[in-house]
Amino acid sequence: MQFKNYFSSFLGDSPVWYKYLILFFLTINPFIFFVDPYVAGWALVVEFIITLAMALKCYPLLPGGLLALQAVLIGMTSPHHVYKEILANFEVVLLLMFMVAGIHFMKDLLFVGFANLFIKLKHKPTLSVAMLFFSALLSAFLDALTVIAVIIAVAWAFYVMYSHCEKVYEKGSAEDLEFVGFLRNVLMHSGIGTALGGVATMVGEPQNLIIAKKVGWSFTDFAMQMAHISIPVLIAGILVCFLLELFKVRIFGFGYSLPSTVVEILKADLHAMKVKEGVQRQVKLVVQAVVGVLLVLSLVFHVAEVGLIGLMIVVLLTAFTGVTGEHEIGKAFQEAMPFVALICVFFTIVAVIVDQALFGPIMQVAMQMQGAEQLKFFFLANGFLSMVSDNVFVGSVYINEVYSVFNQGLISREQFESLAVAINAGTNLPSIATPNGQAAFLFLLTSRIAPYIDLSYGRMVLMAFPYTLVIGSVAYISLVMGI
C-alpha cells in the first residue's frame, strides 16, 4: 500500500503505462551500456524522443531528466562534458532567459498588430500565407525562437480573451473546435515560416552563426550563398501553405477558420481595452514600438549576443512602461525557465552523442565521397540527424569536422563553402519534420498553449509532413542544380 502511494507520486498524473515504460528504460539502460555503449547511446536518444512525444502527458524535463541523470551516473558522459556543452550553447540559454522575457513586455503592441491582421484578413489562405511570410521575414533578422515566442504570446492572449468571454462556446462544440483548430493552423504555419526565414541569413539560427564564422562569411555573403536554396524553398512553402488552406486539407489538420462570432469578441475586447486605458495605453504602445525598432537594429548589426540584447529590452520596457514590481517582472520569466531547464537536459543527451561517437560512422562514409555526391550525402545525413537530434548540435558538429578536413588540405576552398551550404540547408529545413529538430518547434510543443489547443507531438509531425516533403525536395533539387 505504501509503495502504491509512492508510485502514484512518481511522474504525478502521467499514465500508469508511461510510468512503467520510463522505469523499464531506467532498468535496461545500464545493461545495454555494459554490452555495447554505442547501442546504448542510440537507445537513450530514442527514449528521450519518446519523452518529447509524451510532452502533453508529462513535461519532458522530468522523465528526460531522469534518463539524462542516469546517463551521467553510469558513465555515458561526464558532468564536465555536460557543463561544456551548456557553455558552448550558452547563447541559446541566454536567449531563452532574457529575450523571451523581453518579448513578454512587448505583448500589447504585438497583440494589437496581429489582432488587426486576424480581423482584417478574413480570407484564411491569405491570412495563413501572411503569417508564414512575416514569420520568415522576421526570422531572417531575428532568431527563430524569438519569433515563435512572439506568435505563441499572441495566440495565448487570443485564447485567454476568448475563454474569459461570457459568449464563449461550450468546450468540444463545433465552433470551439474550429477556433482551437484555427490557432493550431496559425502556430504551425508560423513555425514553418521561422524555418524558411531562419535558413537564409547568419542570424536566423544559432548554427548559422557558427557556420558563418568557420567559413568567414559576412551577413551579405551568407545570404548570397544561401539564396539559390532559401528563395525557392520560401516560394514552395508559400505555395504549400496556400493550397493546404484553400482546399482545407483536414487530413493534415488544416482548413480551420476563425468563427465570425470570435471575430466580434476580439473587436469588442480591443475596443474596450482602448477606451479603458486611453492615453496611457497609447504611450505604452509607442514606447514598445520604439524599443522594437531598437531590438531589430541591435540584432541585425549584432551589437551583442542575442540574450544580452533581450536583457536590454527587459530593462528598457520595464523602466519606461511603469512596471516596477518584482512579482510582475517575475511573470515574464515563467514561460521560458522550464524550457531552459529542459534544454540543459537536452545538452546532456548531446554530450552522450559526442562521447559515444554516435555520428562517427556517418562522417567516415561522407569523407570517402567526392564532389557533388559528398554534398548530396551531407544534406541528407544532416537532414535525417536533425530530425532526431538538435539541428544546432548537428550543424556545429559537422561544420567543425569539415573545417578540420579543410585545414588539413583534403578539400578545396570551393568544396568547403559548398559543404557549408549543404550543412546549413540540411540542418535547417528537414528538421521541421519533428518537434525535437528545432528549438523553436520544441518550444512550441512544450508551451503553455499547446495542451489547450491539442497540439501534440504526433499532430505536429502530421501537420509538418506536407511541408517537410515539398520543402525538403525543393531544397535538395536547388542544392543539386546549384552545384
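The shown structure was predicted, so the numbers you read here are calculated from the model rather than taken from an experiment.

**Structural notes on unusual backbone geometry**
(1) Moving on: Of note, the phi angle at K248 is positive, near 50 degrees, even though the residue is not glycine.
(2) Moving on: Notably, D454 is not glycine yet its phi reads approximately 55 degrees, a positive angle.
(3) Moving on: Mapped onto the secondary structure, D454 falls in the loop between α21 (439-445) and α22 (457-481).

**Quick word on the packing of aromatic side chains**
(1) Moving on: Overall, the coordinates contain 17 aromatic pairs when judged by the stated rule.
(2) Moving on: Between the aromatic rings of F48 and F346, the centroid separation amounts to 5.8 Å while the plane-to-plane angle is 50 degrees, which identifies the pairing as tilted. Remark: F346 occurs in helix α16 (residues 337-355) and F48 occurs in helix α3 (residues 37-53); sequence separation between them is 298 residues. Each of the two residues, F48 as well as F346, counts as buried.
(3) Moving on: Three or more aromatic residues joined by ring pairs make a cluster, and in this case those are W156, Y159 and Y452.
(4) Moving on: Lying over the aromatic face of Y256, R184 brings its terminal NZ or CZ to 5.5 Å of the ring centre.

**Thoughts on the pattern of salt bridges**
(1) Moving on: Counting across every chain of the model gives five salt bridges.
(2) Moving on: One salt bridge in this structure joins K284 and D108, with 4.0 Å as the shortest N-O distance. In this pair, K284 sits in helix α13 (residues 260-300) while D108 sits in helix α7 (residues 107-120), placing the two residues 176 residues apart along the sequence.
(3) Moving on: Its relative accessible area of 27% is what places D108 among the partly exposed residues.
(4) Moving on: Measuring nitrogen to oxygen at the nearest pair gives 3.7 Å for the salt bridge that ties E178 to R250. Here E178, found in helix α10 (residues 174-198), pairs with R250, found in the loop between α12 (219-246) and α13; they are 72 residues apart in sequence, far enough to count as distant.

**Considering helix α8 (residues 124-141)**
(1) Moving on: If you check α8, its first and last C-alpha atoms are 26 Å apart, about what 18 residues at 1.5 Å a residue would give, namely 26 Å.
(2) Moving on: Within α8 the residues assigned to the buried category are K124, P125, L127, S128, V129, A130, M131, L132, S135, A136, S139 and A140.
(3) Moving on: The inward-facing, buried residues of α8 contact α7, α9 (144-164), α10, α12 and α22.

Cut-offs and rules
- Residues numbered from 1 in each chain as written.
- Predicted model: local features only at pLDDT ≥ 70, side-chain atom pairs only at ≥ 80, totals over all residues.
- Heavy atoms only, no water.
- Helix = DSSP H or I, 4+ residues; strand = E, 2+ residues; numbered from the N terminus.
- Phe/Tyr/Trp six-rings, centres within 6.5 Å; stacked < 30°, edge-to-face > 60°.
- Buried < 20%, exposed > 50% of the residue type's maximum accessible area, 1.4 Å probe, protein only.
- Lys NZ or Arg CZ within 6 Å of the ring centre and 35° of its normal.
- Salt bridge = Lys/Arg side-chain N within 4 Å of Asp/Glu carboxyl O.
- Expected span 1.5 Å × (residues − 1).
- Contact = heavy atoms within 4.5 Å.

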